[in-house]
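Here is what each chain is made of, one letter per residue.
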Amino acid sequence: MTISYNWLSEYLPETIEPEKLSKILTSIGLEVESLEKYDSIRGGLEGLVIGEVLTCEQHPNADKLKITTVNVGAPEPLQVVCGAANVAKGQKVIVATVGTTIYPTAGEPLTMKVAKIRGVESFGMICAEDEIGLSSNHAGIMVLPEDAVTGLPAATYFKPYSDYIFEIGLTPNRMDAMSHLGVARDVCAYLSHHNKKEARPKLPFVNQFKPDNHHVPVEVVVENTVACPRYSGITLTNITVKESPKWLKDKLGAIGIRSINNVVDVTNFILHETGQPLHAFDLKEVKGNKVIVKNLEEGTPFITLDEKERKLSSEDLMICNGAGEPMCIGGVFGGLHSGVKASTVNLFLESACFNSVSIRKTSVKHGLRTDAAARFEKGVDISNTINVLKRAALLIKEVAGGEIASDVIDHYPAPKEKTQVAIKYHYLKKLSGKNYHPDTVKKILIALGFEIVKEGIDELWVAVPFSKPDIGLPADIVEEIVRIDGLDNIDIPASITITPSVETLSLKEKLKEKIANYLVGLGFNEIFTNSITNSAYYNEEVLQSTVKMINNLSEELNVMRPSMLETGLESIAYNINRKNNNLRFFEFGKTYAATAVGQYQETEHLALYITGHNHEEGWNEKSKAQDFYTAKGIAQSVLQLSGLADIAITQMEGSDKFAIMSAKTEIGTVHMVGKKTLAVFGIKQPVFFIDLQFESLLKTVKKQKLVYKEVPRFPAVERDLAIVVERSVTYEQVQAIIKKQKLNKLQNTRLFDVFESDKLGVEKKSMAVNFIFLDEEKTLTDKEIDGMMQKLMIGFEKELQAEIRK
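Residues numbered from 1 in each chain as written. Predicted model: local features only at pLDDT ≥ 70, side-chain atom pairs only at ≥ 80, totals over all residues. Heavy atoms only, no water.

> Help me understand the overall build of the protein chain in this model?
Secondary structure summary: the protein chain contains 20 helices and 41 strands in total. A compact globule built from 806 residues would reach a C-alpha radius of gyration of about 28 Å, whereas the protein chain, at 39 Å, exceeds it by more than 25%. Across the 806 residues of the protein chain, 46% fall into the buried class. At a minimum sequence separation of 6, the contacts of the protein chain that also span at least 24 residues come to 69%. Carbon and sulfur atoms form 50% of the exposed surface of the protein chain, whose accessible area is close to 42,500 Å². (Helix = DSSP H or I, 4+ residues; strand = E, 2+ residues; numbered from the N terminus. Rg over C-alpha atoms; globule rule 2.2 N^0.38 Å. Buried < 20%, exposed > 50% of the residue type's maximum accessible area, 1.4 Å probe, protein only. Contact = heavy atoms within 4.5 Å. Areas by Shrake-Rupley, 256 points an atom, 1.4 Å probe, with all protein chains shown as cover.)

Structure, rendered in structure tokens:
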């Protein structure tokens, strides 16, 4: 929320310095995220002066340069070399003297220095309009009227608007502070409480209001009073649509609002002054001088102000004319033809209160996030529509002329009752940690607009002002009291007593913690990515079962992720783009799928992403590129850590993915991400992805029985064996043959070398495998070990036509 210091100060009973006001705002819960100086002309023309050209002669060394002497009100005139073709003796001009910084319309600021131009010294610069930020005109130097006073600061002559701008981080419930008057009300409540003297905001509303005539009455019919509980309006005639006065453009410009014309600017001014959105209709488009507030049929076409045709929903509330033609999407966006134009002479001005839920649905559905919709969504002050309407009508009359040509029309069939809330003083102490005197509580609440309904010994009933639609609970009242007292004034107790909750972690949480700690030890970093992602990442086949967002936050975030891969690749791309190339990430997350109409499925995953080298290269240790075998080994380690045995990783038929199995149950997959997929994210280095179905892993872990085994008392025996096989033979085939031999005393196997050479034979390779044998009852003899090794060799020779290397 952007707040102008000058504008806000108009409603305060006393002047408060910007820095002090910033502290007050933050103290009362309106956190000031930034406070910056604003100048309508960059630099505020500081240091620039009006000068008179006394002499103007041709430069001896340049055809296009002139040597001038300029009187700037100093004891001695300045010599200035000027390249403008229109410079002449006797002109009143703008001069940037030495040391002055100028701020061009386009480009970086420039500080004046004494310069030697083609052998002649120049002590400043005669400026064009674009060189000092007044406009984009660079036709020549700026020549002022003859009555301009020599030596007068340019800032005094042009009077650029200067202000301080507060950027306030509003919480979503603070609709009451979405205007300058709302903030002023809070500041006054703070001043009243802390200065012990009543301070009231200076309200701009007038008590005396009278139409000039009743020549153009407009009938208002509201068919949907749920979506529009109150609708007010008034007509103005014989207005002149033109440029806004300077004061109005300056105020709007300070908070970043572009001036359009005097009528539209008034509606924007009122919006930011009071928080009440308005809409002005060209009365010529209000056919039959009748306004109908209603819903239209599903699919009705309507061209909005941005020249786009939109298909309306039957839930969209429309403002229509007497012919039933839509003129505006109520509370959201105007129509292309019904708004104020340069030719507008008569207008109908609307001030209404719309249902926040209805506005939110329409705004999101059509992607129209307007200032008006943002305020109606949070709820506006339903009691203030008439006051605001009168204020706006008088302002339009002031800046555009004309007459107020009707009484105020007010359709309010069911006046709203104020919400009443009871607050107990002991509850206030419990939540705030501070004792408040009942009189203090009442004064704070009254200053904020609350009404005291009744009070008891330990209880106070208050009526909530319509400007605070978020308040409905005692805790809300506590918040109001505490923030006006000052959030910094909450006492910190000397001691805090808590009762810790000790709960045993479930197996699922224990397993997550165990795996996470292990992966961190391997150099992984845990990431948390958005489960809402971009549908552009997926093909039509995947999108058929994807959960699509109805009210998506943006065009890029429109589906629930069907895979963990893409959101992880976004994080990898982000890091690689910042020269962080060696990455190991893991994430516990969920994917989503639509299984049937209205039915959805969530699947929990453990995803691991590996790319780059295993570590940064050092003077005594070289780094190594991480590859598929790195990923495969980590996947096996995670399953072994979880207590699983009989782990196999086999390539899936017709796929580049490898299935990770345990006891014939698929736990997940591991694969190298394809180049096409990586190209979508601009990643040029290999990425390896392990996707473990966490629920499958958990179920498999639960089936495992914990069995205690005594530490072996007898030594294990190791033997190595090298076999020459076809190059197409995989270690997986070797393992399958080893398993077929059913050697109970074989504890472990490990492939420790692969050697390829034409000396071994065409398309041949050597695989060296390490075997570990152990008998828990006795020491194995050479004869027993030789017998088991013989079985293995026969199996390799028979199944793989292997040659045993001696």
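> What exactly am I supposed to notice about helix α4 (residues 180-195) here?
In an α-helix, one turn spans 3.6 residues; hence positions three or four apart end up facing the same way. For α4, which comprises 16 residues, the first-to-last C-alpha distance of 22 Å matches the rise-based estimate of 22 Å (1.5 Å per residue) to within 8%. Taking burial as the measure, the 16 residues of α4 include 13 buried ones, the bulk of the element. In the stretch just after α4, K196 is the one whose phi turns positive, near 55 degrees. (Expected span 1.5 Å × (residues − 1).)

> Is there a simple way to think about the sheet that holds strand β34 (residues 647-651) in this case?
Pairing between the strands of a sheet comes from backbone hydrogen bonds, and it takes one of two forms, parallel or antiparallel. On the basis of which strands lie adjacent, the open sheet formed by seven strands has the order β29-β32-β33-β37-β36-β35-β34 and mixed pairing. Each edge of the sheet is formed by a strand with only one pairing partner; in this case those strands are β29 (525-526) and β34. (Pairing = 2+ DSSP bridges.)

> It is not clear to me how the packing of aromatic side chains should be interpreted in this structure. Could you clarify?
Counted under the stated rule, the structure contains 16 aromatic pairs. Summarising the aromatic geometry, the rings of F771 and F773 are spaced 6.5 Å apart at their centres and angled 20 degrees between planes, so their arrangement reads as stacked. One aromatic cluster in this structure is built from Y5, Y164 and F166. (Phe/Tyr/Trp six-rings, centres within 6.5 Å; stacked < 30°, edge-to-face > 60°.)

> Explain the pairing of strand β14 (residues 219-222) here, please?
When a strand is regular, its side chains alternate between the sheet's two faces. Only one face of β14 is covered, namely the face carrying V220 and V222; the face carrying E219 and V221 is uncovered. When β14 meets strand β17 (residues 290-295), the two strands line up parallel, connected through four bridges. Bridging across to β17, V222 finds its partner in V293.

> What is the right way to look at the pairing of strand β13 (residues 162-169) in this model?
Of the strand pairs in this sheet, strand β1 (residues 2-4) and β13 are connected by three bridges, and their pairing is antiparallel. For I3, the partnering residue across the bridge sits in β13 and is F166. Across eight bridges, strand β2 (residues 31-39) lies against β13 in antiparallel orientation. Bridge pairing in β13 places K37 opposite Y164.

> What is the right way to look at the packing of helix α10 (residues 425-432) against helix α12 (residues 474-485) in this model?
Any two packed helices are characterised by the angle at which their axes cross and by the distance between the axes. For the pair α10 and α12, interaxial distance at closest approach is 10 Å and the crossing angle is 65 degrees. Compared by their axis directions, α10 and α12 come out roughly perpendicular. The two elements α10 and α12 cross, and the hand of that crossing is right-handed. Here α10 contributes Y427, L428, L431 and S432 to the contact with α12, which in turn contributes P474, A475, V478, I481 and V482. The class makeup of the residues in the contact of α10 with α12 is eight nonpolar, one polar and no charged. (Axes fitted to C-alpha atoms, helices over the stretch in contact; angles between N-to-C directions. Parallel < 35°, antiparallel > 145°, perpendicular 65-115°, else oblique. Left-handed = near helix turned anticlockwise from the far one by under 90°. Nonpolar A, V, L, I, M, F, W, Y, C, P; charged D, E, K, R; others polar.)

> What exactly am I supposed to notice about the nonpolar core here?
Soluble, globular proteins show a tendency: their nonpolar side chains are buried together. By size, the foremost hydrophobic cluster in this structure holds 71 residues, and its most contacted members are L21, L25, L236, V263, L349 and I477. Here L25 is in contact with L30, E31, V32, F166, I168, V183 and V187, once residues within four sequence places are set aside. In terms of nonpolar packing, the next biggest core, distinct from the first, is built from 40 residues, V222, I382, Y412 and F466 among them. (Core = buried A, V, L, I, M, F, W, Y, C linked by side-chain atoms within 4.5 Å.)

> In this structure, what is going on with the environment of A422? I would like to understand it.
Relative to the helices and strands, A422 resides in strand β26 (residues 420-424). Note on A422: relative accessible area 17%, which makes it buried. Along the sequence, A422 and W461 sit 39 residues apart, while their C-alpha atoms lie 4.3 Å from each other. If we ignore the near neighbours within four places in the chain, the residues touching A422 are E459, L460, W461 and P474.

Geometry only, nothing functional implied.
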